[in-house]
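Coordinates in review
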Amino acid sequence: MYAQLVETGASQVQVREEMGPLERRFQERIDAGIKIEPKDWMTEGYRKTLIRQISQHAHSEIVGQLPEGNWVTRAPSLKRKAILLAKIQDEAGHGLYLYSAAETLGVSRDRLIGDLHSGKAKYSSIFNYPTLTWADIGAIGWLVDGSAIINQIPLCRCSYGPYARAMVRVCKEESFHSRQGYDLMLALCRGTPEQKQMAQDALNRWWWPSLMMFGPSDAESVNSAQSAQWRIKLFSNDELRQKMVDQSVPQAEYLGLTVPDPKLKWNAETGHYEFGDIDWAEFHNVIKGNGPCNRDRLRARVKAWEDGEWFRDGLSAHAEKATQRAATTAQAA
Ligand code: BYC
């Protein structure tokens, strides 16, 4: 007898008493901190949840290249251009590790890419905002990559081996991304009054969307409870969001910038900052596809895919020829 399988998107957690022997053994391995590997038995709900989260994460990495790519030709110096190019290339690499991790769960990359292009799959809300000035590149590195690290460090210890291992390298690179963003903001804040104002304006526009990156509040998060039981999530959305605020406010103060939240207040008793209400209507609007840049982002991804078709075809033809050549040589030997 098997307990009812958990559907992705369910708000309830599977009851341990209702688990069948395989499910119980699976959960016990997770509880003991043993990594689940691709060939291990796993519940269908676990597999679906991982495919959902890892593929959304992969899509976020490659869509995340677009707002920054917008500034490559306008970077103010050769050094900044080289840094930005390296960062954008890293994001492509992160996408690659993550799509590969998702493929170990038995889903094809073509299907995942197809779901992104059709608008069926989600990617992080943050990448649907425009990069209006050069300071936005600094704000993205500092706040967006900073938030990504806070979210991803615990993922290095998540229960699924390929995802956890991919995250180790991703986090190392994100650390460089975040530092270059803060360095860029520092340079602007130490520059002319106009440059400092540009940095303040970027902080004003990126602060709240960065807080939204962590997902809905714990009370509204439909997937959290089950993902926590499976140790895919080690901290809740609100816990990670709080970490981000606690980390970023002193950094903003050091820059001499003001966080755009009149309700922001240090609470000495809890040792945390209290902050104002997040505009959840805006968040839901963006993830429904109605943010300022959703349509542009999808259009750009689809175009890149179509433009690259001849290259993918060429690579496949070359690989096929190489295989045939190797087979002929082996027969002749
Ligand atoms: N945007 O039940 P919840 C980067 C969805 S890349 C859009 O809490 P979960 C970077 C959520 O998917 C950073 N959708 O879900 C790249 C769910 O909908 P479905 C990307 C969001 O999965 C390039 C529904 O809302 N990082 O940093 O337990 C350049 C309910 O949410 C968002 C990752 O992907 C959002 N912000 O928790 C620079 C990290 N938030 O799927 C930088 C891995 C929630 O049921 N992912 N939704 O239809 C995670 O840790 C988790 O998936 C989340 C959400 C914390 C994001």
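The model shown is predicted, which means the values in this text are computed figures rather than measured ones.

A general feature of soluble globular proteins is that nonpolar side chains tend to end up buried together. Core analysis: the biggest nonpolar cluster contains 76 residues, and Tyr-46, Ile-54, Tyr-160, Tyr-163, Trp-206 and Trp-207 have the highest contact counts within it. Looking at which element gives the most residues to this core, the answer is helix α7 (residues 161-189), with eleven residues.

Attention now goes to the packing of aromatic side chains. A complete count under the given rule lists ten aromatic pairs for this structure. With 5.0 Å between their ring centres and 80 degrees between their planes, Phe-26 and Tyr-46 make a pair best called edge-to-face. Of the two residues, Phe-26 is situated in helix α1 (residues 21-31) and Tyr-46 in helix α2 (residues 44-63); the sequence distance between them amounts to 20 residues. For Tyr-46, a relative accessible area of 0% translates into the label buried.

Glancing now at the site of the ligand. In the region of the ligand, 32 residues are neighbours, and Gln-56, Lys-122, Ser-125, Ser-221 and Lys-233 sit closest. One of the backbone N or O atoms of Ser-125 is found 2.8 Å from a nitrogen atom in the ligand. For the ligand, whose unbound accessible area comes to 1,000 Å², protein coverage reaches 90%. Secondary-structure elements contributing two or more residues to the shell around the ligand are α2, α4 (78-103), α6 (135-155) and α11 (280-290). Its residues assigned to classes, the shell around the ligand comprises twelve nonpolar, twelve polar and eight charged.

This brings us to the environment of Ser-224. Structurally, Ser-224 can be placed in helix α9 (residues 224-229). Contacts of Ser-224, omitting those with residues within four sequence positions, involve Lys-233 and Asn-237.

Further remarks concern the environment of Ile-54. Along the chain, Ile-54 turns up in helix α2. By relative accessible area, Ile-54 is classed as buried at 0%. As a C-alpha pair, Ile-54 and Ala-75 span 21 residues in sequence and 32 Å in three-dimensional space. Among residues more than four places away in sequence, those in contact with Ile-54 are Leu-98, Ala-101, Ala-102, Leu-105, Tyr-160 and Tyr-163.

Empty space within the second largest pocket amounts to approximately 410 Å³. Every residue lining the second largest pocket is counted, 14 residues in all, and those nearest its centre are Ile-62, Tyr-99, Ile-113, Arg-301 and Trp-305. At the level of secondary structure, the elements contributing two or more residues to the lining of the second largest pocket comprise α3 (65-69), α4, α5 (109-118) and α12 (294-307). Considering every element that reaches the lining of the second largest pocket, the biggest residue donor is α4, with four residues. Looking at the lining of the second largest pocket residue by residue, the classes come out as eight nonpolar, two polar and four charged.

Now for the packing of α6 against helix α10 (residues 237-255). Their axes nearest at 10 Å, the elements α6 and α10 cross at an angle of 145 degrees. The chirality of how α6 crosses α10 is right-handed. Side by side, α6 and α10 meet where Trp-142, Leu-143, Ser-147, Ile-150, Asn-151 and Pro-154 of the first sit next to Leu-240, Lys-243, Met-244, Gln-247, Ser-248, Gln-251, Ala-252 and Leu-255 of the second. In terms of residue class, the contact of α6 with α10 is made up of eight nonpolar, five polar and one charged.

Taken over all residues, the pLDDT of the protein has a mean of 95, while the share at 70 or more is 96%. Considering only residues more than four positions removed or in separate chains, one finds that residues 1-10, a stretch of pLDDT under 50, has 29 contacts.

Turning next to the packing of α2 against α7. Taken N-terminus to C-terminus, the directions of α2 and α7 make an angle of 25 degrees; their axes are 13 Å apart at the nearest point. Considering their axes alone, α2 and α7 lie roughly parallel with respect to each other. The two elements α2 and α7 meet at a crossing, and its hand is left-handed. From α2, Leu-50, Gln-53, Ile-54, His-57 and Glu-61 reach across to α7, where they touch Tyr-163, Met-167, Val-170 and Glu-174. Among the residues making up the contact of α2 with α7, the classes are represented as five nonpolar, two polar and two charged.

Together, Trp-310, Phe-311 and Leu-315 make up a nonpolar patch on the protein surface, roughly 400 Å² of accessible area in all. One can find Phe-311 in helix α13 (residues 309-332).

Positioned with a positive phi, Arg-231 is a non-glycine residue whose angle comes to about 55 degrees. One can find Arg-231 in the loop between α9 and α10. Arg-231 sits in the partly exposed class, given a relative accessible area of 31%.

Criteria and thresholds
- Residues numbered from 1 in each chain as written.
- Predicted model: local features only at pLDDT ≥ 70, side-chain atom pairs only at ≥ 80, totals over all residues.
- Heavy atoms only, no water.
- Core = buried A, V, L, I, M, F, W, Y, C linked by side-chain atoms within 4.5 Å.
- Buried < 20%, exposed > 50% of the residue type's maximum accessible area, 1.4 Å probe, protein only.
- Helix = DSSP H or I, 4+ residues; strand = E, 2+ residues; numbered from the N terminus.
- Phe/Tyr/Trp six-rings, centres within 6.5 Å; stacked < 30°, edge-to-face > 60°.
- Near = heavy atom within 4 Å.
- Polar contact = N/O pair within 3.5 Å; in protein donor to acceptor, adjacent residues only side chain to side chain.
- Areas by Shrake-Rupley, 256 points an atom, 1.4 Å probe, with all protein chains shown as cover.
- Nonpolar A, V, L, I, M, F, W, Y, C, P; charged D, E, K, R; others polar.
- Contact = heavy atoms within 4.5 Å.
- 1 Å grid on protein atoms, 1.4 Å probe; cavity = no way out; pocket = protein on both sides within 12 Å on 5 of 7 lines; lining within 4 Å.
- Points joined across faces, edges and corners; volume = space filled by probe spheres on them.
- Axes fitted to C-alpha atoms, helices over the stretch in contact; angles between N-to-C directions.
- Left-handed = near helix turned anticlockwise from the far one by under 90°.
- pLDDT = per-residue confidence, 0-100.
- Parallel < 35°, antiparallel > 145°, perpendicular 65-115°, else oblique.
- Patch = residues over 30% accessible without salt bridge, like charges linked within 9 Å, V, L, I, M, F, W, Y side chains within 5 Å.
- Salt bridge = Lys/Arg side-chain N within 4 Å of Asp/Glu carboxyl O.

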